[in-house]
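Residue-level structure breakdown
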Amino acid sequence: MQLTLLLIMVAAPLAAEESAASFLNIPIGAKAAGLGSAFTAVADDASAIYWNPGALAHFQRRHVGLSHAELYGQTRHDFLGYVHPTKLVHLGVGVSYLSQPKIEGRDVSGLETSAFTASDRSFSLHLAKPVGRVGLGFGAKVIQQQIADTTASTFALDFGASYRATQSLSFGLAAMNIGPPLKMGTQSDPLPFSFSAGAAYSVRQLMFSADLRHRVHEQRTGVGVGMQVQAFKGVFLRTGYSASKDPSSAETSYWNLSRFTGGMGLRLSGFMLDYAFVPMEIADTQRLSLGLEF
């Protein structure tokens, strides 16, 4: 038991952004990342399962998507999603997995033991219903964290709404990760319960998007803006910017300039390929997504 608790304490700081509380905060999808995570109102690929389940109601065709992110320290984040529209409801299922290389173990005396692994994963099921121009979505997911041979689990609920006012203008609202904390040993981490609101507008070959996000437990508010331009037929260039209000700052008006993002995408006969470059404080990260509509 002492060794298990020590492994938890050792792995937690090494996991950093992939800890129980923040694993679900890692943006999914290269298109969304390239737009500065301003995706609540856009959400037009399989990553809508992560951003706004209400947007699933607007899908006209089946969609499968795979996303891979190379983070720091050989940490990898993978997502597989599938959207299936029917006459009654639209179904979305997703699996997310975060892995990291083996971690050196230590016993209570500080002596080296065998290496161990740590990982996080979630399994989600979402349903969406189109009501005119409005899409309403609801979802549930199971979240698991494993450190060595110790596993902890919890669940969360997601809600979303998407409104396509015109072919050019859309709005989105989402409340994500509503559920009990994830408990492992003596540690208890609240899930990253968050609200987001977004808008997107398209004109000719340009698309602009903006998001306002608030993480309830962290009392952290962020904004994101993005722009996409169709450079050639089926070829898209993207850039984005995000900022967040730092609750630890003595000045309440201080906004932490977090990152600019960039990316590109290719669309060809239902096939989608997206890439994004996302600088972070620890290291630069890259994301790649593949999608297929059929």
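Use the structure listed above.
This structure is a prediction, so every number in the text was calculated from the model and none was measured. (Residues numbered from 1 in each chain as written. Predicted model: local features only at pLDDT ≥ 70, side-chain atom pairs only at ≥ 80, totals over all residues. Heavy atoms only, no water.)

This paragraph deals with the packing of aromatic side chains. Throughout the structure, instances matching the rule amount to six aromatic pairs. Aromatic pair Tyr50 and Trp51: ring centres 4.8 Å apart, planes at 85 degrees, arrangement edge-to-face. Overall, the relative accessible area of 17% leaves Tyr50 in the buried class. Judged by relative accessible area, Trp51 falls into the buried class, the value being 7%. Relative to Phe260, the ring of Tyr241 has its centre 4.7 Å away and its plane inclined at 45 degrees; by these criteria the two rings are tilted. Placement of Tyr241 in strand 15 (residues 235-245) and of Phe260 in strand 16 (residues 255-268) is noted, with a sequence separation of 19 residues between them. (Phe/Tyr/Trp six-rings, centres within 6.5 Å; stacked < 30°, edge-to-face > 60°. Buried < 20%, exposed > 50% of the residue type's maximum accessible area, 1.4 Å probe, protein only. Helix = DSSP H or I, 4+ residues; strand = E, 2+ residues; numbered from the N terminus.)

Right, let's get into the side chain of Ser124. Positionally, Ser124 belongs in strand 6 (residues 118-131). Other than its neighbours up to four places away in sequence, Ser124 contacts Ile49, Gly92, Val93, Gly94, Ala140 and Lys141. (Contact = heavy atoms within 4.5 Å.)

For a regular strand, side-chain orientation follows a simple rule: the groups alternate between the two sheet faces. Burial along strand 7 (residues 134-147) is one-sided: Gly135, Gly137, Gly139, Lys141, Ile143, Gln145 and Ile147 are buried, and none of Val134, Leu136, Phe138, Ala140, Val142, Gln144 and Gln146, which face the opposite way, are. Summarising the sheet, strand 6 and strand 7 pair through 14 bridges and their orientation is antiparallel. Residue Ala128 lies in a different strand from strand 7, and its bridge partner there is Gly137. Count of turn residues in the strand 6/strand 7 antiparallel hairpin: two residues, of which Gly132 carries a positive phi of about 65 degrees. Bridging between strand 7 and strand 8 (residues 150-164) involves 14 bridges; their strand directions are antiparallel. Considered in strand 8, the bridge of Gly139 is made with Asp158. Where strand 7 folds back onto strand 8 in an antiparallel hairpin, the turn is made up of two residues, including Ala148, whose phi is positive at roughly 55 degrees. (Pairing = 2+ DSSP bridges.)

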